[in-house]
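Here's the letter readout for the chains.
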Amino acid sequence: MKNKTLMDEAFDASEWSDDLHTKVGAVIVYNGMNRGIYYNEYIGSTLNKAGRMDRPAKYNFMAHAEESAILNTLRCEGDLDGYELYVTHIPCPTCARLIVQSGIARVVCAMQRTSTSDVDEPITRSILSECGVEFVEYEKPLV
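Residues numbered from 1 in each chain as written. Predicted model: local features only at pLDDT ≥ 70, side-chain atom pairs only at ≥ 80, totals over all residues. Heavy atoms only, no water.

**Q** So what's going on with the overall build of the protein? Which residues, and what values?
**A** Each helix and strand counted, the protein has four helices and seven strands in total. The secondary structure elements of the protein, listed N-terminal to C-terminal, are α-β-β-β-β-α-β-α-β-α-β. The C-alpha atoms of the protein give 14 Å as radius of gyration, which agrees with the globular expectation for 143 residues (15 Å, within 12%). Once the C-alpha set of the protein is aligned to its principal axes, its extents read approximately 40 × 35 × 35 Å. In the protein, which comprises 143 residues, the proportion classed as buried is 43%. In the structure as shown, the protein presents an accessible area of about 7800 Å², 51% of it carried by carbon and sulfur atoms. If you average the places of the 14 positive and of the 21 negative side-chain charges in the protein, the two averages end up 4 Å apart. (Helix = DSSP H or I, 4+ residues; strand = E, 2+ residues; numbered from the N terminus. Rg over C-alpha atoms; globule rule 2.2 N^0.38 Å. Buried < 20%, exposed > 50% of the residue type's maximum accessible area, 1.4 Å probe, protein only. Areas by Shrake-Rupley, 256 points an atom, 1.4 Å probe, with all protein chains shown as cover. Lys, Arg positive; Asp, Glu negative; His and termini not counted. Charge placed at Lys NZ, Arg CZ, Asp CG, Glu CD.)

**Q** Tell me about helix H2 (residues 65–77), and name the residues and values.
**A** It helps to recall that an α-helix has 3.6 residues per turn; residues three or four apart then point in one direction. When the terminal C-alpha atoms of H2 are compared, their 18 Å separation across 13 residues agrees well with the 18 Å that a helix rising 1.5 Å per residue should span. Where H2 is concerned, the buried positions are Ala 65, Glu 66, Ser 68, Ala 69, Ile 70 and Thr 73. Just downstream of H2 lies Gly 78, where phi reads positive at about 80°. (Expected span 1.5 Å × (residues − 1).)

**Q** Give me the sheet that holds strand E5 (residues 84–89): which residues, what numbers.
**A** Spatially, the five strands line up as an open sheet ordered E2-E1-E5-E6-E7, and their pairing is mixed. Every interior strand has two partners, whereas the edge strands, strand E2 (33–39) and strand E7 (134–137), have only one. If you compare each strand with its neighbour and ignore which way they point, the axes differ by 20° on average. By the bridge criterion, five bridges tie E5 to strand E6 (residues 106–112) in an arrangement that is parallel. What sits directly across from Glu 84, in E6, is Arg 106. Of the strands in this sheet, E6 and E7 touch helix H4 (residues 117–130), which is tilted by about 165° from E6. (Pairing = 2+ DSSP bridges. Axes fitted to C-alpha atoms, helices over the stretch in contact; angles between N-to-C directions. Contact = heavy atoms within 4.5 Å.)

**Q** Any details on the side chain of Glu 121? Residues and values, ideally.
**A** Tracing the chain through its elements places Glu 121 in helix H4. With relative accessibility at 14%, the residue Glu 121 sits in the buried group. Apart from residues no more than four positions distant in its own chain, Glu 121 is found in contact with Ile 90, Met 111 and Arg 113.

**Q** Please set out the environment of Cys 109 residue by residue, giving values where relevant.
**A** Tracing the chain through its elements places Cys 109 in strand E6. Sequence separation between Cys 109 and Arg 75 is 34 residues, and the spatial gap between their C-alpha atoms is 24 Å. Beyond its immediate sequence surroundings of up to four residues, Cys 109 is in contact with Met 7, Val 87, His 89, Ile 90, Pro 91, Phe 135, Val 136, Glu 137 and Tyr 138.

**Q** Go over the pattern of salt bridges with me, naming the residues and quoting the values.
**A** Pairing is possible between side chains that carry opposite charge, provided their charged atoms lie close to one another. Per the stated rule, a full pass over the model turns up six salt bridges. Across the salt bridge formed by Asp 8 and Lys 4, the nearest N and O atoms sit 2.7 Å from each other. You can see Asp 8 and its partner Lys 4 sitting in helix H1 (residues 2–14), four residues apart, about one turn around the helix. Residue classification places Asp 8 among the partly exposed residues on the basis of a relative accessible area of 29%. Judged by its relative accessible area of 28%, Lys 4 is partly exposed. Here Arg 35 makes a salt bridge to Glu 77, at a shortest N to O gap of 2.6 Å. In this pair, Arg 35 sits in strand E2 while Glu 77 sits in helix H2, placing the two residues 42 residues apart along the sequence. Residue classification places Arg 35 among the partly exposed residues on the basis of a relative accessible area of 40%. Given a relative accessible area of 30%, Glu 77 falls into the partly exposed group. (Salt bridge = Lys/Arg side-chain N within 4 Å of Asp/Glu carboxyl O.)

Quick look at the structure:
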């Protein structure tokens, strides 16, 4: 039940995303407690101006949900050793590196696909596995 509630929160957060094409949500958790809800968004004070909303320009102005979760939680908590990350989409390799380097111990992923998932997924799985981060494929419970 805990996984369902946290993943539901991640999917709810994904709806807040400014991204027109890929809406990703993430929830960062410690000791079973939600420590923050994040989504892919424009960074800092950058605006979703015309020309910045489509690929590839948007990549320069948007933060991934995992990236926002990790960096913002680090600012508040200072340490993510043993934390968990619930995410709606398969993390990209860059986010996988951030997950490892931040100390997150477990990723629960709903396995939603993006345009680069076929290339990214094996790399992400390899990074997480080789670095000892548990990767769990979330299976939505039957109602």
